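If you want the building blocks of each chain, they are given just below.
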Amino acid sequence: MPIFTRILSTACPEALPIDADAGHPAFSIGFTADGEIPFPQVILRAGGKETLLNGDAIKVQQTVPGTWAYEAEVPPGRVAGEFIEVQVEGCRRADIAGAGGGDWIKAFCQIRLTGGGQAAAERGAAAAPASGERPAVFGGAEVKLYFGIHKHMHQPYYNTTDPDAWDGEKDGTLGSSGGNSTDFGHAAAQQYIKGDLPEAGLCTSWSGSLLGQRRRGGDRGRCGGRFASWSQALRRMAVAKTALGNPRLAFSGLGFFHPLMPLIPYRDIVRQIAWHRDAIESAFGVQPSRVLFPPETAFHVRMIPALNEAGIQAVIYDSIHRFRACRDYPYAGTEEGMLPPNPADQVNPPVDDWLQLRNIWAASKISPSLLKPEYVGYEDADGRLHKIIAIPAERYIGNEDARGGFGALQYPDVLGQLYRRIVETGGFDPEHPPFFLLHSDGDNHGGGADSYYHHNTGRLVAWLQQDQRFELTTAEDYLERFPPDPAQVAHIEPGAWAGADNGDPQFMKWFSRYDQPYSPDLNSWAVLTAFQNLVHTLEDAEPEHPALPEVLRLMLTAETSCYWYWTGQQVWDQQVTNAANLGLDLIKSAIDALLGAGGDHTGPTIFPPWVTPENPGGKRWGQGCLLDAPREGTVHSFVADCSGLGRVDLILRAAGGVTRLPMRNHGSYPTQTGARVTADYVTAELPAGAGDLRYYIEAEDRRGNITRGTLERIYLA
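Residues numbered from 1 in each chain as written. Predicted model: local features only at pLDDT ≥ 70, side-chain atom pairs only at ≥ 80, totals over all residues. Heavy atoms only, no water.

Student: Could you clarify how one ought to interpret unusual backbone geometry in this entry?
Tutor: Across the junction of Thr612 and Pro613, the peptide omega takes the value -15°, indicating a cis bond. Tracing the backbone shows Pro613 in the loop between strand E25 (610–612) and strand E26 (619–621). Backbone geometry places Arg513, a non-glycine residue, at a positive phi of 65°. Within the secondary structure, Arg513 is located in the loop between strand E23 (489–490) and helix H14 (520–541). (Helix = DSSP H or I, 4+ residues; strand = E, 2+ residues; numbered from the N terminus.)

Laid out in structure tokens, this is it:
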């Protein structure tokens, strides 16, 4: 018999009546799993007491292929408090004595207690209303929490030099996600419409490479003909509108080839978004949303000028990076999975509503008052402020929703915790109420399952129909109803979502083995930087050169984030080099002729710098612990120019003035992939104890062309 790997659903009474003596009647708790649970048990917690049910108290109700159903009978009893917290769990090993923490799989739900045993004073004047009741009222306005759902869809090209590369493995991989790419999104949005949720919608991001694979799959009959008419249901739903006239199914902005946007040049960000816009219109017959989902939810404020030029109105980011940018952020230690925030990023005012979520994995506290769209800013080296609206995607709640939607995530309980905290702290602003997204992959694991888009979405709709405290809406509808104040500009720490090694501010998932003599990731960045300079130089000098369309495609394909994600696998580590080598074959003669005629008017290409240690004078990682980091910091970068580099300087700005430091050029970064072009590796030592610094790199080539990099920040303790 198959042993279970996850608990699929839980079912318990939404409320229990309590008599004058605090007694409750008998009731049952049901749960399902995807296989046999060797040791199922249920734990009830209320009023500081805990009750354990296992053994004969839990019965197997039925088994069908892929599902085992269990039921626990709870006898009458007495209980104190407002809720019974229910924990359903099972051990994947029958030998309990030998089981470790990772062998236990858990799910949670909550039962509200009502009736004579619950005095109004015990509930508290500021307590949130129960499910089905009307929202609380503050200052004449109903307290309401708004949220949205975002599903991300992507497949990379498995060969940068041939987008049409195909084999049986790819046929099986892409064919297995057929429903996700045809009608699952349509099915979810259709339930919103039938459920009479006037503002509800689903936003989804589709990479251009995935769209290309689906189109070619349909044209060539791949995956057993699964994609012959793959986009029809989505095209039909794409024209459906909310009550405010915005899409029910919104296709978010994205970079065509799924680039890690914080680490590619300004002009490439703009082009990736423009190419993607055209691909969405071709596939679905509508323009994409002006709300951007950056791949891996990776955001850095230095992206803002490019996003503005690309016509993006708002960008989605992972909420923890807003929390960590507060001056009083309650850092949770090693369990958080990231180093403490660098003080240079902690520039936002403190907040007083920190909340530790229960019944889901939440490694650190969150602030409900910060879960709303707001303007964020980036100041460039010339002192100009660039702004854009930033929309939080809640890290922990989104991660839980990714396990399967309603049921895997106990929406009434978890969102109810936020609601109660908002009411308790009086932090509700009717002009800018809470709004956040639940973000996850739309074709992986529970968040991409048929049950998410069908059965569990139905349960979500049923809940929202009777609980007026919460509203599922779209980012477009929210921004139309509650536009942020452009005079209030916040800062967000860089970083990605939890799925990328916890999404640290240094994007170290894409710098694997950076501290070793050779890093496949650094090799790919160095090769890409040199290739970008060649392509940009030719584009600036000869924008109509016949080879440009293909070399631009190769360069943008090489920026796909996946080629760094799976470090240590040659098939991925080689991809950037393959694209650059083929591109060089196509344009080498043109570049040589351009250089011979003195036609290079493009400055050097500068890769965004990184600093080691990440927090000089602060903390660094030890073996499962935090250690004191050296106070001496080093700035690293790659710089390339086809005319050769004349100088590379680091410009530091501090309270005491401006300092210019020449950067040490270590020569071309060593390659083990046979790359024919690669950038120079440069470093500079930072002054220990200098405090809060702003810095940028300036590079000049041998023809006098100058490039100034983005303005960065670091605190040196």
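Moving on, there is more to tell.
Student: When you look at the sheet that holds strand E8 (residues 67–74) in this model, what are you seeing that I'm missing?
Tutor: The strands making up a sheet associate through hydrogen bonds between their backbones, and the pairing can be parallel or antiparallel. Pairing is antiparallel in the open sheet, where four strands are placed in the order E1-E4-E8-E7. Each edge of the open sheet is held by one strand with a lone partner, namely strand E1 (7–11) and strand E7 (58–64). Looking at each pair of strands side by side, their axes are set apart by 20° on average, direction ignored. Pairing of strand E4 (residues 27–33) with E8, which is carried by seven bridges, proceeds in the antiparallel orientation. The partner of Ser28 across the bridge, within E8, is Glu73. (Pairing = 2+ DSSP bridges. Axes fitted to C-alpha atoms, helices over the stretch in contact; angles between N-to-C directions.)

Student: Got a minute to help me understand the side chain of Thr32 in this structure?
Tutor: Its place among the elements puts Thr32 in strand E4. A polar side-chain atom of Thr32 sits 2.7 Å from a polar atom in the side chain of Ser9. (Polar contact = N/O pair within 3.5 Å; in protein donor to acceptor, adjacent residues only side chain to side chain.)

Student: Help me understand the pattern of salt bridges, please; the structure alone is not making it clear to me.
Tutor: Where charged atoms from two side chains of opposite charge come close, those side chains can pair. Applying the stated criterion across every chain yields a total of 33 salt bridges. A salt bridge links Arg676 to Asp585; the shortest N-O distance between them is 2.4 Å. Of the two residues, Arg676 sits in the loop between strand E31 (664–668) and strand E32 (680–686) while Asp585 sits in helix H18 (residues 575–596), which places them 91 residues apart along the sequence. The exposure class of Arg676 is partly exposed, given its relative accessible area of 42%. Note that Arg647 and Asp649 form a salt bridge whose closest N and O atoms lie 2.8 Å from each other. (Salt bridge = Lys/Arg side-chain N within 4 Å of Asp/Glu carboxyl O. Buried < 20%, exposed > 50% of the residue type's maximum accessible area, 1.4 Å probe, protein only.)

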